[in-house]
Amino acid sequence: MKQEAVYIFSQEQLQYKFHHDHPFNQHRLSITTDLLKAADALSDDFILPARQATLEELLLIHDEDYIQAVIAAAEGQSRSSYRTTYGIGTDDTPVFPQMHDAAAWLVGGTLTAVDCVMSNAYSHALNLGGGLHHGFRGKASGFCIYNDSSIAIEYIRQKYGARVLYVDTDAHHGDGVQWAFYNDPDVCTLSFHESGRFLFPGTGHVNERGHGDGYGYSFNIPFEAFTEDASWLSSYGKAMREVAAYFKPDIILTQNGADAHYYDPLTHLCSTMTIFHEIPKLAHELAHEFCDGRWVAVGGGGYDIWRVVPRAWSSLWLEMSNQQHKLEQCIPDTWINRWEKEAPVSLPTSWTDPEGIYPHISRQADIETKNRRSLMKALKPIIDISDK
(Lines give C-alpha, C1' and ligand atoms only; values in the text may rest on other atoms or scores of the structure.)
Protein backbone atom coordinates (compact mmCIF):
# COMPACT_ATOMS: atom_id res chain seq x y z
CA MET A 1 0.00 0.00 0.00
CA LYS A 2 1.37 3.41 -0.99
CA GLN A 3 2.34 5.60 1.97
CA GLU A 4 1.89 9.37 2.02
CA ALA A 5 5.37 10.86 2.48
CA VAL A 6 8.97 10.05 3.35
CA TYR A 7 11.76 12.27 4.71
CA ILE A 8 15.26 11.58 3.36
CA PHE A 9 18.09 12.37 5.76
CA SER A 10 21.53 11.02 6.66
CA GLN A 11 24.35 12.40 8.76
CA GLU A 12 26.60 12.10 5.71
CA GLN A 13 24.68 14.97 4.11
CA LEU A 14 26.12 17.29 6.74
CA GLN A 15 29.63 16.77 5.34
CA TYR A 16 28.96 19.26 2.52
CA LYS A 17 30.81 22.11 4.22
CA PHE A 18 33.12 24.56 2.45
CA HIS A 19 34.46 26.33 5.56
CA HIS A 20 33.20 27.79 8.81
CA ASP A 21 32.44 31.28 7.43
CA HIS A 22 30.88 30.19 4.14
CA PRO A 23 27.21 31.24 3.78
CA PHE A 24 26.16 27.75 2.63
CA ASN A 25 25.78 26.01 5.97
CA GLN A 26 24.40 22.47 6.12
CA HIS A 27 23.90 22.84 9.86
CA ARG A 28 20.43 23.99 8.77
CA LEU A 29 19.53 20.36 8.02
CA SER A 30 20.12 19.37 11.63
CA ILE A 31 18.27 22.42 12.97
CA THR A 32 15.27 21.79 10.73
CA THR A 33 15.07 18.08 11.44
CA ASP A 34 15.27 18.79 15.15
CA LEU A 35 12.47 21.36 14.91
CA LEU A 36 10.19 18.83 13.22
CA LYS A 37 10.96 16.23 15.85
CA ALA A 38 10.39 18.73 18.67
CA ALA A 39 7.00 19.55 17.12
CA ASP A 40 6.10 15.83 17.08
CA ALA A 41 5.81 16.08 13.31
CA LEU A 42 8.63 13.71 12.37
CA SER A 43 9.53 10.34 13.83
CA ASP A 44 12.20 7.86 12.79
CA ASP A 45 9.49 5.78 11.10
CA PHE A 46 9.20 8.47 8.40
CA ILE A 47 12.96 8.94 7.87
CA LEU A 48 14.78 7.00 5.18
CA PRO A 49 18.57 7.28 4.87
CA ALA A 50 20.12 8.78 1.76
CA ARG A 51 22.71 6.93 -0.28
CA GLN A 52 25.75 8.06 -2.20
CA ALA A 53 25.24 8.54 -5.92
CA THR A 54 27.41 6.38 -8.15
CA LEU A 55 29.82 7.65 -10.76
CA GLU A 56 27.50 6.32 -13.45
CA GLU A 57 24.64 8.38 -12.00
CA LEU A 58 26.73 11.55 -11.83
CA LEU A 59 27.63 11.00 -15.49
CA LEU A 60 23.96 11.31 -16.43
CA ILE A 61 24.58 15.07 -16.38
CA HIS A 62 28.20 15.89 -15.55
CA ASP A 63 31.24 15.50 -17.81
CA GLU A 64 33.72 12.84 -16.73
CA ASP A 65 36.71 15.20 -16.79
CA TYR A 66 34.86 17.55 -14.44
CA ILE A 67 34.01 14.75 -12.00
CA GLN A 68 37.63 13.58 -12.03
CA ALA A 69 38.74 17.15 -11.30
CA VAL A 70 36.39 17.27 -8.30
CA ILE A 71 37.76 13.96 -7.05
CA ALA A 72 41.35 15.14 -7.49
CA ALA A 73 40.69 18.43 -5.72
CA ALA A 74 38.99 16.63 -2.85
CA GLU A 75 42.11 14.52 -2.44
CA GLY A 76 44.37 17.56 -2.25
CA GLN A 77 45.50 17.49 -5.89
CA SER A 78 43.81 20.71 -7.02
CA ARG A 79 45.43 22.74 -9.80
CA SER A 80 45.25 26.48 -10.35
CA SER A 81 43.54 25.87 -13.70
CA TYR A 82 40.59 24.26 -11.92
CA ARG A 83 39.27 27.70 -10.93
CA THR A 84 38.69 28.92 -14.47
CA THR A 85 38.11 25.57 -16.16
CA TYR A 86 35.87 23.88 -13.61
CA GLY A 87 34.82 26.58 -11.14
CA ILE A 88 36.53 24.69 -8.32
CA GLY A 89 38.54 26.66 -5.78
CA THR A 90 36.67 29.95 -6.21
CA ASP A 91 35.34 32.07 -3.37
CA ASP A 92 31.85 30.71 -4.03
CA THR A 93 32.87 27.09 -4.36
CA PRO A 94 36.16 26.54 -2.52
CA VAL A 95 37.80 23.16 -2.22
CA PHE A 96 37.22 21.13 0.94
CA PRO A 97 38.35 17.60 1.89
CA GLN A 98 36.16 14.79 0.56
CA MET A 99 33.93 17.21 -1.32
CA HIS A 100 33.22 14.65 -4.05
CA ASP A 101 31.83 12.17 -1.54
CA ALA A 102 29.85 14.87 0.28
CA ALA A 103 28.30 16.18 -2.94
CA ALA A 104 27.52 12.65 -4.13
CA TRP A 105 25.57 12.02 -0.90
CA LEU A 106 23.34 15.02 -1.65
CA VAL A 107 22.68 13.68 -5.14
CA GLY A 108 22.00 10.21 -3.78
CA GLY A 109 19.45 11.63 -1.39
CA THR A 110 17.46 13.11 -4.25
CA LEU A 111 17.70 9.88 -6.25
CA THR A 112 16.45 7.98 -3.21
CA ALA A 113 13.49 10.35 -3.07
CA VAL A 114 12.79 9.78 -6.76
CA ASP A 115 12.80 6.00 -6.43
CA CYS A 116 10.50 6.17 -3.41
CA VAL A 117 7.92 8.08 -5.46
CA MET A 118 8.33 6.49 -8.88
CA SER A 119 8.17 2.97 -7.41
CA ASN A 120 4.80 3.92 -5.89
CA ALA A 121 6.03 3.23 -2.37
CA TYR A 122 5.24 6.84 -1.41
CA SER A 123 3.22 9.66 -2.93
CA HIS A 124 5.71 12.34 -1.86
CA ALA A 125 9.37 12.46 -0.85
CA LEU A 126 11.50 15.23 0.63
CA ASN A 127 15.28 15.56 0.47
CA LEU A 128 16.23 18.88 2.04
CA GLY A 129 19.90 18.18 1.39
CA GLY A 130 19.30 18.58 -2.34
CA GLY A 131 18.46 21.57 -4.49
CA LEU A 132 21.95 22.52 -5.74
CA HIS A 133 20.58 24.06 -8.92
CA HIS A 134 23.57 26.10 -10.16
CA GLY A 135 25.87 23.19 -11.03
CA PHE A 136 26.63 22.80 -14.75
CA ARG A 137 27.71 19.81 -16.79
CA GLY A 138 31.36 20.75 -16.57
CA LYS A 139 31.57 23.47 -13.95
CA ALA A 140 30.75 24.22 -10.32
CA SER A 141 28.88 27.44 -9.63
CA GLY A 142 27.09 29.28 -6.85
CA PHE A 143 27.95 26.89 -3.98
CA CYS A 144 26.91 23.89 -6.13
CA ILE A 145 29.27 21.11 -7.15
CA TYR A 146 26.93 18.44 -8.53
CA ASN A 147 23.44 19.38 -9.69
CA ASP A 148 21.23 16.82 -7.95
CA SER A 149 18.00 18.08 -9.53
CA SER A 150 19.35 17.83 -13.08
CA ILE A 151 20.72 14.37 -12.38
CA ALA A 152 17.40 13.32 -10.83
CA ILE A 153 15.43 14.59 -13.82
CA GLU A 154 17.63 12.73 -16.31
CA TYR A 155 17.42 9.65 -14.05
CA ILE A 156 13.62 9.90 -14.14
CA ARG A 157 13.65 10.30 -17.91
CA GLN A 158 15.89 7.29 -18.54
CA LYS A 159 14.67 4.88 -15.85
CA TYR A 160 10.96 5.71 -15.75
CA GLY A 161 10.27 7.51 -19.03
CA ALA A 162 8.27 10.22 -17.27
CA ARG A 163 7.62 13.86 -18.15
CA VAL A 164 8.98 16.15 -15.44
CA LEU A 165 7.80 19.58 -14.32
CA TYR A 166 10.61 21.25 -12.38
CA VAL A 167 9.51 24.20 -10.23
CA ASP A 168 12.16 26.39 -8.59
CA THR A 169 11.18 28.97 -5.94
CA ASP A 170 14.70 29.87 -4.84
CA ALA A 171 15.43 33.61 -4.96
CA HIS A 172 18.28 32.79 -7.36
CA HIS A 173 17.40 31.60 -10.87
CA GLY A 174 17.62 27.84 -11.40
CA ASP A 175 20.08 28.25 -14.25
CA GLY A 176 21.86 24.90 -14.12
CA VAL A 177 18.64 22.91 -14.42
CA GLN A 178 17.17 25.17 -17.10
CA TRP A 179 20.20 24.93 -19.39
CA ALA A 180 20.54 21.16 -18.88
CA PHE A 181 17.09 20.62 -20.42
CA TYR A 182 16.74 23.67 -22.64
CA ASN A 183 16.26 21.46 -25.72
CA ASP A 184 14.08 18.78 -24.11
CA PRO A 185 10.29 18.88 -24.67
CA ASP A 186 9.73 16.27 -21.95
CA VAL A 187 11.14 18.51 -19.20
CA CYS A 188 9.46 21.78 -18.33
CA THR A 189 11.31 24.21 -16.06
CA LEU A 190 9.49 26.97 -14.17
CA SER A 191 11.58 29.33 -12.04
CA PHE A 192 10.38 32.09 -9.68
CA HIS A 193 13.29 34.28 -8.65
CA GLU A 194 14.60 37.76 -8.04
CA SER A 195 15.40 39.42 -11.35
CA GLY A 196 18.84 38.74 -12.74
CA ARG A 197 19.24 42.51 -13.07
CA PHE A 198 19.85 42.55 -9.33
CA LEU A 199 21.03 39.08 -8.31
CA PHE A 200 23.30 36.17 -9.22
CA PRO A 201 23.36 34.39 -11.63
CA GLY A 202 22.01 37.18 -13.85
CA THR A 203 19.80 34.88 -15.94
CA GLY A 204 16.16 33.83 -15.85
CA HIS A 205 14.66 36.46 -18.13
CA VAL A 206 11.18 36.02 -19.58
CA ASN A 207 12.53 35.51 -23.08
CA GLU A 208 14.46 32.38 -22.08
CA ARG A 209 11.86 29.94 -23.43
CA GLY A 210 13.85 26.91 -24.55
CA HIS A 211 15.54 25.95 -27.81
CA GLY A 212 14.80 23.58 -30.66
CA ASP A 213 12.36 20.85 -29.62
CA GLY A 214 12.43 22.34 -26.13
CA TYR A 215 11.15 25.73 -27.19
CA GLY A 216 8.12 26.65 -25.12
CA TYR A 217 9.07 24.49 -22.14
CA SER A 218 11.16 26.96 -20.15
CA PHE A 219 9.34 29.57 -18.08
CA ASN A 220 10.84 32.31 -15.95
CA ILE A 221 9.03 34.64 -13.55
CA PRO A 222 11.57 37.29 -12.44
CA PHE A 223 10.56 39.50 -9.52
CA GLU A 224 11.57 43.08 -8.89
CA ALA A 225 13.76 43.72 -5.86
CA PHE A 226 11.66 44.38 -2.71
CA THR A 227 8.73 42.28 -3.95
CA GLU A 228 6.31 41.50 -1.12
CA ASP A 229 4.11 38.49 -0.34
CA ALA A 230 0.96 39.45 -2.22
CA SER A 231 2.69 40.13 -5.53
CA TRP A 232 4.92 37.05 -5.18
CA LEU A 233 1.99 34.73 -4.48
CA SER A 234 -0.22 36.22 -7.20
CA SER A 235 2.39 35.39 -9.84
CA TYR A 236 3.11 31.99 -8.32
CA GLY A 237 -0.52 30.89 -8.28
CA LYS A 238 -1.24 32.01 -11.83
CA ALA A 239 1.95 30.59 -13.37
CA MET A 240 1.83 27.26 -11.55
CA ARG A 241 -1.72 26.52 -12.65
CA GLU A 242 -1.21 27.66 -16.24
CA VAL A 243 2.06 25.79 -16.74
CA ALA A 244 0.88 22.56 -15.11
CA ALA A 245 -2.27 22.52 -17.23
CA TYR A 246 -0.24 23.24 -20.37
CA PHE A 247 2.52 20.68 -19.77
CA LYS A 248 0.56 17.91 -17.97
CA PRO A 249 3.52 16.35 -16.12
CA ASP A 250 3.89 12.80 -14.82
CA ILE A 251 5.82 14.03 -11.76
CA ILE A 252 6.56 17.39 -10.16
CA LEU A 253 10.01 18.11 -8.73
CA THR A 254 10.15 21.29 -6.63
CA GLN A 255 13.27 23.12 -5.49
CA ASN A 256 12.49 24.99 -2.28
CA GLY A 257 15.13 27.58 -1.59
CA ALA A 258 14.26 29.64 1.49
CA ASP A 259 16.17 32.77 0.52
CA ALA A 260 13.27 34.92 -0.74
CA HIS A 261 12.58 35.93 2.86
CA TYR A 262 13.32 39.49 3.98
CA TYR A 263 15.80 38.24 6.59
CA ASP A 264 17.98 36.47 4.03
CA PRO A 265 21.38 38.20 3.86
CA LEU A 266 22.07 37.49 0.18
CA THR A 267 18.86 38.60 -1.55
CA HIS A 268 16.62 41.68 -1.85
CA LEU A 269 13.05 40.38 -1.66
CA CYS A 270 10.57 41.25 1.08
CA SER A 271 8.61 38.07 1.57
CA THR A 272 7.66 36.62 4.95
CA MET A 273 6.88 33.12 6.16
CA THR A 274 3.51 33.47 4.43
CA ILE A 275 4.89 32.44 1.04
CA PHE A 276 6.61 29.38 2.50
CA HIS A 277 3.30 28.18 3.87
CA GLU A 278 1.59 28.70 0.52
CA ILE A 279 4.24 27.41 -1.89
CA PRO A 280 3.87 23.72 -0.94
CA LYS A 281 0.07 23.89 -0.77
CA LEU A 282 -0.28 24.49 -4.49
CA ALA A 283 2.51 22.08 -5.43
CA HIS A 284 0.73 19.41 -3.36
CA GLU A 285 -2.62 20.16 -5.00
CA LEU A 286 -1.27 20.08 -8.54
CA ALA A 287 0.68 16.87 -7.92
CA HIS A 288 -2.58 15.13 -7.08
CA GLU A 289 -4.43 16.81 -9.94
CA PHE A 290 -1.95 15.93 -12.68
CA CYS A 291 0.51 13.30 -11.38
CA ASP A 292 -1.41 10.87 -9.17
CA GLY A 293 0.33 12.59 -6.25
CA ARG A 294 3.90 12.11 -7.49
CA TRP A 295 5.88 14.95 -5.91
CA VAL A 296 9.57 15.09 -5.01
CA ALA A 297 10.82 18.16 -3.13
CA VAL A 298 14.38 19.26 -2.41
CA GLY A 299 15.93 22.12 -0.46
CA GLY A 300 18.13 24.80 -1.99
CA GLY A 301 19.30 28.23 -0.90
CA GLY A 302 18.59 29.78 2.46
CA TYR A 303 21.18 31.68 4.43
CA ASP A 304 19.33 32.75 7.56
CA ILE A 305 19.62 29.29 9.04
CA TRP A 306 18.06 30.18 12.41
CA ARG A 307 14.93 32.27 11.83
CA VAL A 308 13.93 31.33 8.28
CA VAL A 309 15.17 28.00 6.96
CA PRO A 310 13.94 25.72 9.77
CA ARG A 311 10.43 27.16 9.68
CA ALA A 312 10.22 27.32 5.87
CA TRP A 313 11.42 23.78 5.34
CA SER A 314 9.39 22.42 8.23
CA SER A 315 6.23 23.86 6.71
CA LEU A 316 7.10 21.99 3.50
CA TRP A 317 7.17 18.67 5.37
CA LEU A 318 4.02 19.55 7.32
CA GLU A 319 2.16 20.08 4.04
CA MET A 320 3.60 16.97 2.43
CA SER A 321 2.66 14.78 5.41
CA ASN A 322 -0.76 16.39 5.99
CA GLN A 323 0.16 17.94 9.33
CA GLN A 324 -0.63 21.54 8.47
CA HIS A 325 -2.45 21.97 11.80
CA LYS A 326 0.95 22.07 13.50
CA LEU A 327 1.39 25.60 12.10
CA GLU A 328 -1.33 26.80 14.47
CA GLN A 329 0.82 25.88 17.47
CA CYS A 330 3.82 27.70 18.93
CA ILE A 331 7.41 26.82 18.10
CA PRO A 332 8.30 24.21 20.76
CA ASP A 333 10.18 25.55 23.79
CA THR A 334 12.38 22.46 23.72
CA TRP A 335 13.72 23.45 20.30
CA ILE A 336 14.29 27.06 21.35
CA ASN A 337 16.06 26.02 24.56
CA ARG A 338 18.27 23.58 22.66
CA TRP A 339 19.54 26.07 20.08
CA GLU A 340 19.26 29.57 21.58
CA LYS A 341 22.79 29.59 23.04
CA GLU A 342 24.29 28.76 19.65
CA ALA A 343 22.10 31.11 17.60
CA PRO A 344 23.42 34.65 16.98
CA VAL A 345 19.83 35.97 16.74
CA SER A 346 16.68 35.58 18.79
CA LEU A 347 14.85 32.43 17.72
CA PRO A 348 11.23 32.73 16.55
CA THR A 349 8.42 31.56 18.79
CA SER A 350 5.77 31.38 16.04
CA TRP A 351 5.54 29.75 12.63
CA THR A 352 4.46 33.12 11.21
CA ASP A 353 6.22 36.49 11.20
CA PRO A 354 4.93 39.50 13.14
CA GLU A 355 3.83 42.61 11.30
CA GLY A 356 6.46 45.18 10.47
CA ILE A 357 9.60 43.09 10.08
CA TYR A 358 10.71 45.45 7.28
CA PRO A 359 10.16 49.16 6.52
CA HIS A 360 7.30 50.32 4.32
CA ILE A 361 8.06 49.89 0.62
CA SER A 362 7.11 53.17 -1.03
CA ARG A 363 7.41 51.72 -4.56
CA GLN A 364 4.97 48.88 -3.89
CA ALA A 365 2.50 49.79 -6.65
CA ASP A 366 5.27 50.17 -9.24
CA ILE A 367 6.86 46.87 -8.20
CA GLU A 368 3.54 45.04 -8.46
CA THR A 369 2.88 46.51 -11.91
CA LYS A 370 6.27 45.40 -13.19
CA ASN A 371 5.80 41.92 -11.73
CA ARG A 372 2.40 41.56 -13.43
CA ARG A 373 3.93 42.67 -16.71
CA SER A 374 6.72 40.06 -16.40
CA LEU A 375 4.20 37.36 -15.54
CA MET A 376 2.05 38.06 -18.59
CA LYS A 377 5.07 38.17 -20.89
CA ALA A 378 6.27 34.84 -19.53
CA LEU A 379 2.88 33.17 -19.91
CA LYS A 380 1.81 34.82 -23.17
CA PRO A 381 2.63 31.81 -25.41
CA ILE A 382 0.45 29.39 -23.47
CA ILE A 383 -2.30 31.91 -22.80
CA ASP A 384 -2.45 32.56 -26.57
CA ILE A 385 -2.75 28.81 -27.16
CA SER A 386 -5.56 28.40 -24.63
CA ASP A 387 -7.45 31.34 -26.18
CA LYS A 388 -7.51 29.75 -29.64
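Residues numbered from 1 in each chain as written. Predicted model: local features only at pLDDT ≥ 70, side-chain atom pairs only at ≥ 80, totals over all residues. Heavy atoms only, no water.

K.L.:
Which parts of the structure should I look at to understand the pattern of salt bridges?
P.N.:
Where charged atoms of side chains with opposite charge meet at close range, the side chains can pair. For the structure on display, the rule yields 14 salt bridges. Between Asp304 and Arg307 there is a salt bridge, with its nearest N and O atoms 2.8 Å apart. Residue Asp304 is classed as buried on the basis of its relative accessible area, which comes to 7%. Given a relative accessible area of 21%, Arg307 falls into the partly exposed group. The salt bridge involving Asp353 is made with Arg311; its shortest N-O contact spans 2.7 Å. Placement of Asp353 in the loop between helix H11 (333-339) and helix H12 (364-387) and of Arg311 in helix H10 (residues 309-320) is noted, with a sequence separation of 42 residues between them. Of the two residues examined, Asp353 and Arg311, each falls in the buried class. Through salt bridges with shared partners, a single network forms among Arg157, Arg163 and Asp186. (Salt bridge = Lys/Arg side-chain N within 4 Å of Asp/Glu carboxyl O. Buried < 20%, exposed > 50% of the residue type's maximum accessible area, 1.4 Å probe, protein only. Helix = DSSP H or I, 4+ residues; strand = E, 2+ residues; numbered from the N terminus.)

K.L.:
For this particular structure, what's the right way to read the side chain of Ser149?
P.N.:
For Ser149, the location among the structural elements is in helix H6 (residues 148-160). Judged by its relative accessible area of 0%, Ser149 falls in the buried class. When near neighbours in sequence (up to four residues on either side) are disregarded, Ser149 contacts Gly131, Tyr166, Val177, Leu253 and Val298. (Contact = heavy atoms within 4.5 Å.)

K.L.:
Even after reading the chapter, I still don't get empty space enclosed by the protein, so can you show me in this structure?
P.N.:
Rolling a probe over the atoms, with the probe sized like a water molecule, indicates the empty space that remains. This model, assessed by the stated rule, comprises three cavities of 30 Å³ or more. Here the largest cavity defines a volume of roughly 70 Å³. The wall of the largest cavity is formed by Thr169, Asn256, Gly257, Ala258, Phe276, Ile279, Pro280, Ala312, Trp313 and Leu316. Going through the elements one at a time, helix H9 (273-290) and H10 are the ones with two or more residues in the lining of the largest cavity. Of the residues contributing to the lining of the largest cavity, the split by class is seven nonpolar, three polar and no charged. If you add up the space inside the second largest cavity, you get close to 60 Å³. (1 Å grid on protein atoms, 1.4 Å probe; cavity = no way out; pocket = protein on both sides within 12 Å on 5 of 7 lines; lining within 4 Å. Points joined across faces, edges and corners; volume = space filled by probe spheres on them. Nonpolar A, V, L, I, M, F, W, Y, C, P; charged D, E, K, R; others polar.)

K.L.:
I keep staring at the packing of H9 against H10 and nothing clicks. Help me out?
P.N.:
Any two packed helices are characterised by how steeply their axes cross, that is the angle between the axes, and by the distance between the axes. The interhelical angle for the contact between H9 and H10, taken along N-to-C directions, is 30 degrees, at an axis separation of 9 Å. With respect to each other, H9 and H10 are oriented roughly parallel. The element H9 and its partner H10 pack so that their crossing is right-handed. Contact with H9, carried on its side by Met273, Phe276, His277, Pro280, Lys281 and His284, involves Arg311, Ala312, Ser315, Leu316, Glu319 and Met320 of H10 and no other residues of that element. Its residues assigned to classes, the contact of H9 with H10 shows six nonpolar, three polar and three charged. (Axes fitted to C-alpha atoms, helices over the stretch in contact; angles between N-to-C directions. Parallel < 35°, antiparallel > 145°, perpendicular 65-115°, else oblique. Left-handed = near helix turned anticlockwise from the far one by under 90°.)

K.L.:
What am I meant to see in unusual backbone geometry here?
P.N.:
Negative phi characterises most residues that are not glycine, and trans characterises most peptide bonds. With an omega dihedral of 5 degrees, the bond running from Phe200 to Pro201 counts as a cis peptide bond. Mapped onto the fold, Pro201 is located in the loop between strand E5 (187-194) and strand E6 (218-223). Positive phi is not limited to glycine here, since Phe226 has a value of about 70 degrees. Along the chain, Phe226 falls in the loop between E6 and helix H8 (229-247).

K.L.:
In this structure, what is going on with the pairing of strand E7 (residues 251-255)? I would like to understand it.
P.N.:
It is a general feature of regular strands that their side chains alternate between the two faces of the sheet. Taken across its five residues, E7 has five buried, putting it largely inside the fold. Where strand E4 (residues 164-168) and E7 come together, five bridges link them in parallel fashion. If you follow Tyr166 over to E7, its bridge partner there is Leu253. Bridging between E7 and strand E8 (residues 295-298) involves four bridges; their strand directions are parallel. Note on E8: the bridge partner recorded for Ile252 is Trp295. In terms of handedness, the path from E7 via H9 over to E8 forms a crossover that is right-handed. (Pairing = 2+ DSSP bridges. Right-handed = clockwise from strand over helix to strand, strands pointing away.)

K.L.:
Explanation requested: the packing of aromatic side chains in the structure shown.
P.N.:
Each aromatic ring pair is specified by the distance between its two centres and by the angle formed by the two planes. Scanning all chains against the criterion turns up 24 aromatic pairs. On the basis of an interplanar angle of 80 degrees and a centroid distance of 6.4 Å, the ring pair of Phe18 and Phe24 is categorised as edge-to-face. Judged by relative accessible area, which is 6%, Phe18 ranks as buried. Since its relative accessible area comes to 4%, Phe24 is described here as buried. Pairwise contacts between aromatic rings join Tyr16, Phe18, Phe24, Phe96, Phe143 and Tyr303 into one cluster. In this structure, Arg163 packs its charged tip against the face of Phe247, placed 4.0 Å from the ring centre. The residue whose ring lies beneath Arg307 is Tyr263, and the NZ or CZ to ring-centre distance is 3.9 Å. (Phe/Tyr/Trp six-rings, centres within 6.5 Å; stacked < 30°, edge-to-face > 60°. Lys NZ or Arg CZ within 6 Å of the ring centre and 35° of its normal.)

K.L.:
Looking at this structure, I do not really get the sheet that holds E4. What am I missing?
P.N.:
Where strands meet in a sheet, backbone hydrogen bonds hold them as pairs that are either parallel or antiparallel. Read across the open sheet, the eight strands follow the order E2-E1-E3-E8-E7-E4-E5-E6; overall the sheet is parallel. At either margin of the open sheet sits one strand with a lone partner, and together these are strand E2 (47-48) and E6. Sheet topology places strand E3 (residues 122-127) next to E8; four bridges connect them, and they run parallel. If you follow Asn127 over to E8, its bridge partner there is Val298.

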